Amino acid sequence: MAVEIGDAGPVLLLFAYAFVFHIILVNFDLGLAMIIPFLKRHGEKTNNQFYLQWSRKYMRYLAIVYASAGVFATAFTVFLLTFYPPLIPLISDFLFVPYALAMVFLGVRLFSISAYWYTWNRLTPEKHYYLGLMLASTSFLVPFTLRLPMAFFNTPTGVISINPPRTDPFQLMFLNPTFWPFYLKSILGSIVLTCFILALVHTYHHHHDKNDDIDADKELESRMVKFYLKIGGVALLLLLLMGTWYLLSLAMTSSFKFNNIIGRFLGKTPRGLDMSPLFVLKMVVVTIQVVLVAFFLQKLLLKNEEITIKDEKIRRLIYLLAPLAVFGIIIGEIMNGLAQFPYLIAQPELVDQLPALDTNTILNPVAAVFDLYVISIFALGPLLLAFLVLMYYLLSGKLGNQTASY
């Protein structure tokens, strides 16, 4: 029998609000850090100021996106501590190793972002490039440690004993059957999102920048759009494979979560929340993305044809890819998170041994206080406004046009 959200409904809405904005910004943040060092190095080797200028603009994007993602992550953590305080000792007992590593890698990432920015043009190109490689590597290391707990919440691989709590770190970190498709899906998702957003930015800049009359720069900008369409398109096709692998791994290890995701769409009986409407919506979004990507890839890769950004229809199709990527990630994250509600770990049979896994039973009584939500909404409103303003400047290409001073 399916469960009901009950008093947890407003709590889940606050969680979703903070987490959705956090995860979108993080995906863009990770993708930018993968691109910037190589774009800058390419500009140095070719002595091309166009690439160097855009790599610096990307770095400004990264700094602002990283800071904004941290704000929403803090909000999400505060909500978790407020509404589900018993989860904290439970998580620390079983997941100390991955969370400790996550803190280390997050520290390395913060250091590498700061060091890479403040040593811009102060180190030799080779040394600065090596520092950039450190930054790029954290885009793979941070998701590795933060996706481990989420895979553990699917199926608790590596648990040696529950009382006292003991885990095998090797099994926990490397042998969870849902982890690798989930992790690879996250990396590919950040590449897809970043490439399509940057394709949108360069298309918009190419079409609207009236001060840029240099044909060579226009041609280079067009090349960048095509490059991002290629990389993003191939990553999207690989992402489909990872998504299928992840769904199959859930079917083998957590029938509870799998049945909730598939739900009535494929004749399954959900025991939790029926996520099949979101699953259908996700499939629709993915189908549209695949059709658009197939259109671009068959021109760019198979037929080796030109894509003319001056064509209004082409521009509209490029503009459509970025919001579809954002929407797809939002649907996927919400679906994945709610599919195991009300259990912290998507294995209901473990609740008898660990009652704290049933989040409905440990919900803080303050969740029933209406005033708390009024205060939260009032506090989160400016964050949303700031986020929308940020996205406007990012997508319009207006941010980062100023010359940096040191």
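What counts, and at which threshold
In every chain, residue numbers begin from 1 and rise along the written sequence. In keeping with the predicted nature of the model, local features appear solely for residues at pLDDT of at least 70, side-chain atom pairs appear and are counted solely at 80 or more, and the whole-chain, interface and lining totals rest on all residues. Excluding hydrogens and water, the side-chain figures rest on all heavy atoms present in the structure. The helix and strand labels rest on DSSP assignments: H or I over at least four residues marks a helix, E over at least two residues marks a strand, and numbering proceeds from the N terminus. How far a helix is expected to stretch is found by multiplying one less than its residue total by 1.5 Å. One fitted axis covers the seven residues ending at a residue, a second covers the seven starting there, and the bend at that residue is the angle between these axes. The term polar contact refers here to a pair of N or O atoms within 3.5 Å; inside protein, the definition further demands a hydrogen-donor-capable atom paired with an acceptor-capable atom, and it admits residues adjacent in sequence only when both atoms are side-chain atoms. In what follows, a contact means two residues having at least one pair of non-hydrogen atoms within 4.5 Å. Any carboxyl oxygen of Asp or Glu within 4 Å of a side-chain nitrogen of Lys or Arg constitutes a salt bridge here. We call a residue buried when its accessible area falls under 20% of the maximum for its residue type, exposed when it is over 50%, and partly exposed in between, using a 1.4 Å probe and counting protein chains only. Lines are fitted to the C-alpha atoms to define the axes, a helix being fitted only along its stretch in contact, and any angle between axes, read from their N-to-C directions, falls within 0 to 180 degrees. Any angle from 65 to 115 degrees is called roughly perpendicular, while one under 35 is roughly parallel, one over 145 is roughly antiparallel, and all others are oblique. The sense of a crossing depends on the near helix, which, turned anticlockwise from the far helix by less than a right angle, makes the crossing left-handed and, turned clockwise, makes it right-handed. Three residue categories are used. Nonpolar comprises Ala, Val, Leu, Ile, Met, Phe, Trp, Tyr, Cys and Pro, charged comprises Asp, Glu, Lys and Arg, and polar comprises the others, including Gly.

K.L.:
Can you lay out helix α3 (residues 87–118) for me, pointing to particular residues and giving the numbers?
P.N.:
When the terminal C-alpha atoms of α3 are compared, their 39 Å separation across 32 residues is substantially less than the 46 Å that a helix rising 1.5 Å per residue should span. At Leu 95, α3 is deflected by roughly 90 degrees, the largest bend along its length, and proline Pro 98 occurs up to four residues later in sequence.

K.L.:
Requested: an account of the side chain of Ser 190, with residues and values cited.
P.N.:
You can see Ser 190 is positioned in helix α6 (residues 179–208). Here the side chain of Ser 190 touches Ile 187 through a polar contact of 2.6 Å, landing on its backbone oxygen. Not counting residues up to four positions away in its chain, the partners in contact with Ser 190 are Asn 27, Leu 30, Gly 31 and Met 34.

K.L.:
Which residues make up the pattern of salt bridges, and what values do they have?
P.N.:
All told, the structure shown has eight salt bridges when counted by the stated rule. Across the pair Arg 41 and Glu 44 runs a salt bridge whose closest N-O atoms are separated by 3.3 Å. On the criterion of helical spacing, the pair formed by Arg 41 and Glu 44 is a turn pair, its members being three residues apart in helix α1 (residues 9–46). Taking relative accessible area as the criterion, Arg 41 reaches 16% and is therefore assigned buried. Look at Glu 44 and you get partly exposed, because its relative accessible area is 23%. A salt bridge links Asp 274 to Arg 264; the shortest N-O distance between them is 2.4 Å. Of this pair, Asp 274 sits in the loop between α8 (255–262) and α9 (276–302) while Arg 264 sits in the loop between α8 and α9; the two residues are 10 residues apart in sequence, bridging distant segments of the chain. When salt bridges with common partners are traced through the structure, they connect Lys 40, Arg 41, Glu 44 and Glu 126 into a single cluster.

K.L.:
Lay out the packing of α1 against helix α4 (residues 125–154) with the relevant residues and their values.
P.N.:
Axis angle and axis distance: for two packed helices, these are the angle between their axes and the distance between the axes, and together they describe the pair. Interhelical geometry of α1 versus α4 gives an angle of 155 degrees and a closest axis separation of 9 Å. Relative to α4, the element α1 lies roughly antiparallel. Crossing of α1 over α4 shows left-handed handedness. Of the residues assigned to the contact of α1 with α4, the class counts are 15 nonpolar, three polar and five charged.

K.L.:
Which residues make up the packing of helix α2 (residues 49–83) against α6, and what values go with them?
P.N.:
Contact pair α2 / α6: the axes reach a minimum separation of 13 Å and the direction vectors enclose 125 degrees. One element, α2, and the other, α6, form an angle in the oblique class. Relative to α6, the crossing made by α2 is right-handed. On the side of α2, the interface is formed by Trp 54, Lys 57, Tyr 58 and Tyr 61, while α6 contributes Leu 198, Val 201, His 202 and His 205. For the contact of α2 with α6, the per-class residue count stands at five nonpolar, two polar and one charged.

K.L.:
Any chance you could break down the environment of Arg 271 for me, citing the residues and the numbers?
P.N.:
Position of Arg 271 among the secondary structure elements: in the loop between α8 and α9. On the accessibility criterion, Arg 271 (42% relative accessible area) is partly exposed. Along the chain, Arg 271 and Asn 259 lie 12 residues apart, while their C-alpha atoms are 7.5 Å from each other.

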